[in-house]
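This is what each chain is made of:
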Amino acid sequence: MSGNDPIPPHQIAWVFDLNKCSGCQTCSVACKVHWNAESDTDAMWWCTVNTQPGRGTPRDYEEMGGGYDSAGNLRLGQLPTLEEFGGAWDFNWKEVYYGGKGRETFLGPTNGGPSWGMNWDEDQGAGEYPNAYFFYLPRLCNHCSRPACLDACPEQAIYKRPSDGLVLRDEARCEGHQQCMRGCPYKKIYFNAQRGVAQHCIGCFPRLEKGVAPACVRQCPGRGVFIGFLDDADSAVHRLVEDWRVALPLHPEWNTRPNVFYVPPLSPFKLREDRSVDESERRLPISYLESLFGTEVRGALHTLEGELARRKRGEPSELLDTLIAYEWKELLGPFSADPAEIAWD
Ligand code: SF4
């Protein structure tokens, strides 16, 4: 199968509501401890949450290229370095706790001063006080409908699973060329140097096959992530993406047709110097949101603001009820089984 082959009809999809994401990193850590806890995988975070505006993970990944041009030709981009991903570093625990130096020392990194890491520019954002702004953006492999990683692989080691559209790897075929990393414009595929193979989010497929939601979805304390099938007309993901059109892919211009979608962040109005409210302008520039989610973001925000206004007038809003998720299992679609009650092989 190539990235241009027919798209599986039963496509799994994620929807992250950015108005609910508090940047707590629970999804990142849940994924990390589940899949990347082995040694020498410090730089591999299949799920990352970054502050926007920001340089992202790996650093400046949006400038690295990849994906397809508007004529559908594969573009191979830059291969991120380990330093750009940013790994872990050691701290001087022993010196602080057992060195007998008291207040003469303090906790700090010991291995030469790291220059980047996952969520390095946390909460820096942009804008000037009192109109500074930022929001959080969780990212994982988009399990794209046109996966550039798959097209770039010279060994046909990457495939799109027909049953649910997950983009998976056959590690026995992978020869470690890292062309997939150049093809992926999101830079969401990593190289495990110890094993000599590329690795990326597998959608927690062993959990899905038991009816359990992926760790990033199930563990989110903010009820901020939905999962389900795009072709299931009753699912929250279908309604948010296809019916209400309030959930949008990141960087659609990279032409890989991602299946991770985002409800864009709403923003307060700007404050004038005298601290009065300027209702002509939002604090979060629409041009910035368009640079991430494309021009459809205007329509999505318009719909969300319209529904908020309805609710303020005391009228019902099915869209807001869906996003609030009063019953948390509504987030999980067909994957609401309790992992504690499953017999794992
Ligand atoms: Fe491949 Fe990157 Fe798309 Fe994931 S996000 S399917 S690694 S191109």
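This text follows the structure it describes.
Note that this is a predicted model, so its numbers are computed, not measured. (Residues numbered from 1 in each chain as written. Predicted model: local features only at pLDDT ≥ 70, side-chain atom pairs only at ≥ 80, totals over all residues. Heavy atoms only, no water.)

Novice: What is the right way to read the packing of aromatic side chains from this model?
Specialist: Aromatic rings in a pair are described by how distant their centres are and how their planes are angled relative to each other. Scanning the model with the defined rule gives 13 aromatic pairs in all. Plain terms: the ring middles of F91 and W93 are 5.7 Å apart, the flat faces sit at 55° to each other, and that makes the pair tilted. For F91, a relative accessible area of 33% translates into the label partly exposed. The class of W93 is partly exposed, set by a relative accessible area of 44%. Pairing W93 with Y97 gives two aromatic rings, centres 6.2 Å apart and planes at 5°, and the pair type is stacked. Here W93 and its partner Y97 are both found in helix 3 (residues 93–98), four residues apart, which amounts to about one turn of the helix. Take Y97: its relative accessible area is 56%, and that puts it in the exposed class. Three or more aromatic residues link up through ring pairs in this structure, and these residues are F91, W93, Y97 and Y98. Cation over ring: R139 sits above Y61, and NZ or CZ is 3.7 Å from the ring centre. The ring of Y68 has R146 sitting right over it, with the charged end atom 4.1 Å from the ring centre. (Phe/Tyr/Trp six-rings, centres within 6.5 Å; stacked < 30°, edge-to-face > 60°. Buried < 20%, exposed > 50% of the residue type's maximum accessible area, 1.4 Å probe, protein only. Helix = DSSP H or I, 4+ residues; strand = E, 2+ residues; numbered from the N terminus. Lys NZ or Arg CZ within 6 Å of the ring centre and 35° of its normal.)

Novice: How should I be thinking about the site of the ligand in this particular structure?
Specialist: The environment of the ligand is formed by C141, N142, H143, C144, P147, A148, C149, V167, C184 and Y186. A breakdown of the residues in the shell around the ligand according to their chemical character gives eight nonpolar, two polar and no charged. (Near = heavy atom within 4 Å. Nonpolar A, V, L, I, M, F, W, Y, C, P; charged D, E, K, R; others polar.)

Novice: Looking at this structure, how should I read helix 9 (residues 286–293)?
Specialist: Within the sequence span of helix 9, burial applies to Y288, L289, L292 and F293. The arc that holds the buried residues of helix 9, viewed along the axis, is 110°, so those residues lie on one side. Where helix 9 is buried, its residues contact strand 2 (48–52), strand 3 (135–139), strand 9 (248–249), strand 10 (260–263) and helix 10 (297–312). (Arc of directions from axis to C-beta. Contact = heavy atoms within 4.5 Å.)

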